[in-house]
Amino acid sequence: MALWTAKGTEVVCVAGHDNAYAEWGAELVTALRRAGATHVIVAGQADIGADDSMAAGLDALAFLRRTREVLNA
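Residue indices begin from 1 for each chain and proceed along its sequence in written order. For a predicted model such as this one, the threshold for reporting local features is a pLDDT of at least 70, and the threshold for listing and counting side-chain atom pairs is 80 or more; totals across whole chains, interfaces and linings nevertheless cover every residue. Remark: hydrogens and water are excluded; side-chain values derive from all non-hydrogen atoms of the structure.

## Focus on the nonpolar core
At step 1: The nonpolar core is taken to be a set of buried Ala, Val, Leu, Ile, Met, Phe, Trp, Tyr and Cys residues, with the residues joined through side-chain atoms within 4.5 Å. We call a residue buried when its accessible area falls under 20% of the maximum for its residue type, exposed when it is over 50%, and partly exposed in between, using a 1.4 Å probe and counting protein chains only. Counting residues in each nonpolar core, the largest one holds nine residues, listed as Val12, Val14, Tyr21, Val29, Leu32, Ala37, Val40, Val42 and Ile48.
At step 2: Only DSSP runs of H or I covering at least 4 residues are called helices, and only runs of E covering at least 2 are called strands; the numbering of each starts at the N terminus. Breaking this core down by element, the ones donating at least two residues are β1 (11–15), α2 (18–34) and β2 (39–43).
At step 3: Considering every element that reaches this core, the biggest residue donor is α2, with three residues.

Right under this line is the structure:
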């Protein structure tokens, strides 16, 4: 978290495994938002309150387009 806030980036991708997401994923998203994240992405399909997600079997091109729109806003 300290490394991320030092970089000053507003878009964050959270990557972990399902057990970690279940244990602390929602808390991490909340903490990232408090620290200034405006768009949180989760790698996987866990519902942890992120703005978007990407996982195997989902439309990667659509995901990249959505993310590019956020980055260009």
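## Comments concerning the pairing of β1
At step 1: Going residue by residue along β1, you find Val12 and Val14 tucked away on one face and Val11, Cys13 and Ala15 left uncovered on the opposite face.
At step 2: Relative to β2, β1 runs parallel, the two sharing five bridges. Bridged to Val14 within β2 is Val42.
At step 3: By convention, a crossover is right-handed whenever its connection, traced from the first strand over the helix to the second and viewed with the strands pointing away, goes clockwise. In this view, the connection linking β1 to its parallel neighbour β2 by way of α2 has right-handed handedness. Only strands that DSSP links by at least two bridges are regarded as paired with each other.

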